[in-house]
Amino acid sequence: MATPEINSDISLRAGTTRRQFLTWSALVGALAFTPQLAGAADARAQSSSPRDYPFTLGVASGDPVPDSVILWTRLAVDPLAPLGGMAPGFVPVGWEMATDDRFGSVVRRGVEIAAESDGFSVHVDVRGLDPAREYFYRFLVGPHASPVGRTRTAPAYGTPVSELSFAWASCQKWEDGYYPAYADMATANHDVIFFLGDYIYEYALPTAGARGSTPYPESMKHEAGVLADYRDRYALYKSDPNLAAAHASAPWISTFDDHEVDNNWASAISQDDDDPRQFLLRRADAFKAWWENTPVRGDLRPKGPDMKVYRRFTFGDLVDFSVLDTRQYRSDQVNGDKEAAQNAASADPARTITGAEQERWILDGFDRPQSWKFLAHQTVIADLAQVEDGERKVGMDPWSGYEASRHRILDGARDRGTKNVVSIVGDIHRSIVSELRRDYRAGDTRDASAPVVGVEFAGTSIASGKDGAEVDATGRGIREASPHVKYGNALRGHVRGRLTHTEWTAELRTVEKVSAPGGVSKTAVTVTVPNGRPEIQL
């Protein structure tokens, strides 16, 4: 068998001075071609000292395209110590990618610089890969080898794809419970995994929660507000072994929701009534921490308080996933941001949840030739109505508080004759399967003026909301007042999906408890949507 070509790369972070470059390029150049970099992972692991092991936050890959994928790690020898226990400065990090998990066939290798200014995070854009190909990767620092990660490139644009396996998750509040859903997810060898928001929570951590008493650093005893606070929360969350296993199992495509910054924030508006100038500084720090801790491309790196994260991923001729940002460009919530009756304020056509530019981009995506059009985003498009004191009320933070945005997007899909429109979301800490319609206010979903345009699957939380229940009072109220809702469940878990040209099959995977470790996942329900017909088949 021919020896594969090995491509070596050396990368430096933006902002490196010429003197730093000359110093580090000499060291990195020597390291890049040192025989140790090709040594066996087992030998490295055996020589590692737990006291200075730098890969305590695991490894991840993300943003797969046909010829490239991002590899990520963040160095920390003591995750909750200042700077993660790292000495100030820079650390050269070797990396390798192979076609086998024993690295007998290495196809790419190089050295990246982990800088203190980026929280010692590393984002390697590995290029020149084969489409629709499984790869394995690892990082190397001194005598230490990271865990081995598995990743996969996307099929080439327009090429025939018979099947795609994927999953999604959201909302993993640390103090509310453990993460058994990720242990289940890690065993599935998905082609891709989506994370749809609330990776961390900004709140002050209680002295005791579902995970018991933890000696948190001072930064977690108050609400996160500056870069160090947000970095510490990511380090805490990433210390969970099940989350680390899920990250290492497949490439992730990620977006954020509100708690990565501040609960229910909208554009430059904080729900804490912060001065807008101060909030933008806070948002800049929160965005920087998100980028540092997420396997995304370098062009997503924030510019102060601005970070363009909406982007599209295509898998052959099968599906487009349009990944949205419904926080950064939205109008402020109306009606006090409470459960309220829809009115002229919630229907105001001048208000938006996506911003005008992103809205045009979403509509343009409906014209593309792929069989399925998925919107992967934060919160529900469908009304989840309940009747309180005889009045129909909905949330003002989801799309139900932005009716004109919903009309423009779903009318655009209908007018283009777009089939197979699917919305996948998180946020609401319950599983909800519902029909997508431009209007629900009449209460009669058989109304011909509001035909079914697509389907929506809200996946439950990983841990947020604690154990939950199969059926709770909120779920019953939604079902009674929302005839377009076909299924609901308020246990914790995630969603597995299998997509073909014929149908989409989704398994809602739930766990009975997250208040104790070791929970077992099961399939609560399997939902099928046939090609060309927005029908929910349980």
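Everything in this summary refers to the structure shown in the same document. Note that this is a predicted model, so its numbers are computed, not measured. (Residues numbered from 1 in each chain as written. Predicted model: local features only at pLDDT ≥ 70, side-chain atom pairs only at ≥ 80, totals over all residues. Heavy atoms only, no water.)

Focus: the overall build of the chain
The helix and strand inventory of the chain stands at ten helices and 26 strands. A separation threshold of at least 6 residues defines the contact pool for the chain, and within that pool the share at least 24 residues apart is 71%. Accessible surface for the chain amounts to roughly 20300 Å². Of this, 52% is attributable to carbon and sulfur atoms. (Helix = DSSP H or I, 4+ residues; strand = E, 2+ residues; numbered from the N terminus. Contact = heavy atoms within 4.5 Å. Areas by Shrake-Rupley, 256 points an atom, 1.4 Å probe, with all protein chains shown as cover.)

A word on the nonpolar core
What tends to happen in soluble globular proteins is that the nonpolar side chains get buried as a cluster. Core analysis: the biggest nonpolar cluster contains 41 residues, and Tyr179, Tyr182, Tyr199, Tyr237, Trp252 and Trp290 have the highest contact counts within it. Among the elements of the structure, strand S10 (164-169), helix H3 (180-186), strand S11 (192-195), helix H4 (227-238), helix H5 (241-249) and helix H6 (276-292) are those that each provide at least two residues to this core. For this core, the element with the most residues is H6, which contributes six residues. In terms of nonpolar packing, the next biggest core, distinct from the first, is built from 33 residues, Leu196, Phe313, Tyr487 and Val525 among them. (Core = buried A, V, L, I, M, F, W, Y, C linked by side-chain atoms within 4.5 Å. Buried < 20%, exposed > 50% of the residue type's maximum accessible area, 1.4 Å probe, protein only.)

Focus on helix H10 (residues 473-481)
If you check which residues of H10 are buried, you get Gly475, Gly477, Ile478 and Ala481. Projected onto a plane normal to the axis of H10, the buried residues spread over an arc of 160 degrees and lie on a single side. Those residues of H10 that are exposed and angled more than 90 degrees off the buried face are Ala473 and Glu480. For H10, the secondary structure elements touched by its buried residues are strand S18 (386-388), strand S21 (431-436) and strand S24 (485-499). (Arc of directions from axis to C-beta.)

Let's talk about the pairing of S11
Burial along S11 is two-sided: Val192 and Phe194 and Ile193 and Phe195, pointing in opposite directions, are all buried. For S10 and S11, the ladder comprises four bridges, and the chain directions are parallel. In the sheet register, tryptophan 168 faces S11, and the bridge partner there is phenylalanine 194. With H3 bridging S10 and its parallel neighbour S11, the resulting β-α-β unit is right-handed. Pairing of S11 with strand S14 (residues 252-254), which is carried by three bridges, proceeds in the parallel orientation. (Pairing = 2+ DSSP bridges. Right-handed = clockwise from strand over helix to strand, strands pointing away.)

Details of the side chain of aspartate 232
Residue position: aspartate 232 is located in helix H4. Here aspartate 232 is buried and forms no salt bridge, its nearest opposite-charge partner arginine 74 lying at an N-O distance of 5.4 Å. The contacts of aspartate 232, once residues within four sequence positions are left out, are Leu80, Pro217, Ser219 and Met220. (Lys, Arg positive; Asp, Glu negative; His and termini not counted. Salt bridge = Lys/Arg side-chain N within 4 Å of Asp/Glu carboxyl O.)

What about the pairing of strand S6 (residues 121-126)?
Most of S6 is tucked away, with five of its six residues classed as buried. Pairing of strand S3 (residues 68-74) with S6, which is carried by six bridges, proceeds in the antiparallel orientation. Paired with valine 69 across the two strands is valine 126, which belongs to S6.

Re the pattern of salt bridges
Close approach of charged atoms lets side chains of opposite charge pair. Applying the stated criterion across every chain, the model contains 39 salt bridges. Note that aspartate 125 is salt-bridged to arginine 297, the shortest N-O span being 3.0 Å. Placement of the pair is aspartate 125 in strand S6 and arginine 297 in the loop between H6 and strand S15 (311-315), with a sequence separation of 172 residues. On the accessibility criterion, arginine 297 (13% relative accessible area) is buried. A salt bridge links glutamate 470 to lysine 522, with the shortest nitrogen-to-oxygen separation between them at 4.0 Å. With glutamate 470 in the loop between strand S23 (468-469) and H10 and lysine 522 in strand S26 (residues 521-530), this pair connects stretches of sequence that are 52 residues apart. Because the salt bridges share partners, they merge into one network encompassing Asp118, Arg231, Lys288, Glu292 and Arg301.

Overview of the packing of aromatic side chains
Throughout the structure, instances matching the rule amount to 29 aromatic pairs. Taken together, a centroid distance of 4.5 Å and an interplanar angle of 40 degrees make the contact between phenylalanine 194 and phenylalanine 321 tilted. Of this pair, phenylalanine 194 sits in strand S11 while phenylalanine 321 sits in strand S16 (residues 319-323), and the two are 127 residues apart along the sequence. Assigned by exposure class, phenylalanine 194 and phenylalanine 321 land together as buried. An aromatic cluster is defined as three or more aromatic residues linked by ring pairs; in this entry it consists of Phe166, Trp168, Phe194, Phe315, Phe321, Trp372, Phe374, Phe457 and Trp504. Its end group placed over the ring of tyrosine 179, arginine 211 keeps NZ or CZ at 4.6 Å from the ring centre. (Phe/Tyr/Trp six-rings, centres within 6.5 Å; stacked < 30°, edge-to-face > 60°. Lys NZ or Arg CZ within 6 Å of the ring centre and 35° of its normal.)

What to know about unusual backbone geometry
Positive phi values are uncommon outside glycine, yet asparagine 189 reaches one of about 50 degrees. For asparagine 189, the position within the fold is in the loop between H3 and S11. At asparagine 335, a residue that is not glycine, the phi angle is positive and equals roughly 55 degrees. Tracing the chain through its elements places asparagine 335 in the loop between S16 and helix H7 (344-347). Exposure remark for asparagine 335: the relative accessible area of 29% places this residue in the partly exposed category.

Some details on the side chain of serine 434
One can find serine 434 in strand S21. In this view, serine 434 contacts Ala382, Val455, Glu456, His484, Val485, Lys486 and Ile536; residues no more than four positions away in its chain are not counted.

So, the packing of H4 against H6
Where H4 contacts H6, the two axes come as close as 8 Å, and the packing angle between them is 30 degrees. Considering how the two elements wind past one another, H4 and H6 form a crossing that is right-handed. Of the residues in H6, those in contact with Leu227, Tyr230, Arg231 and Tyr234 of H4 are Arg282, Asp285, Ala286, Lys288, Ala289, Trp290 and Glu292. Here the contact of H4 with H6 is composed, by residue class, of six nonpolar, no polar and five charged. (Axes fitted to C-alpha atoms, helices over the stretch in contact; angles between N-to-C directions. Left-handed = near helix turned anticlockwise from the far one by under 90°. Nonpolar A, V, L, I, M, F, W, Y, C, P; charged D, E, K, R; others polar.)

All we've got here are geometric facts, nothing functional implied.
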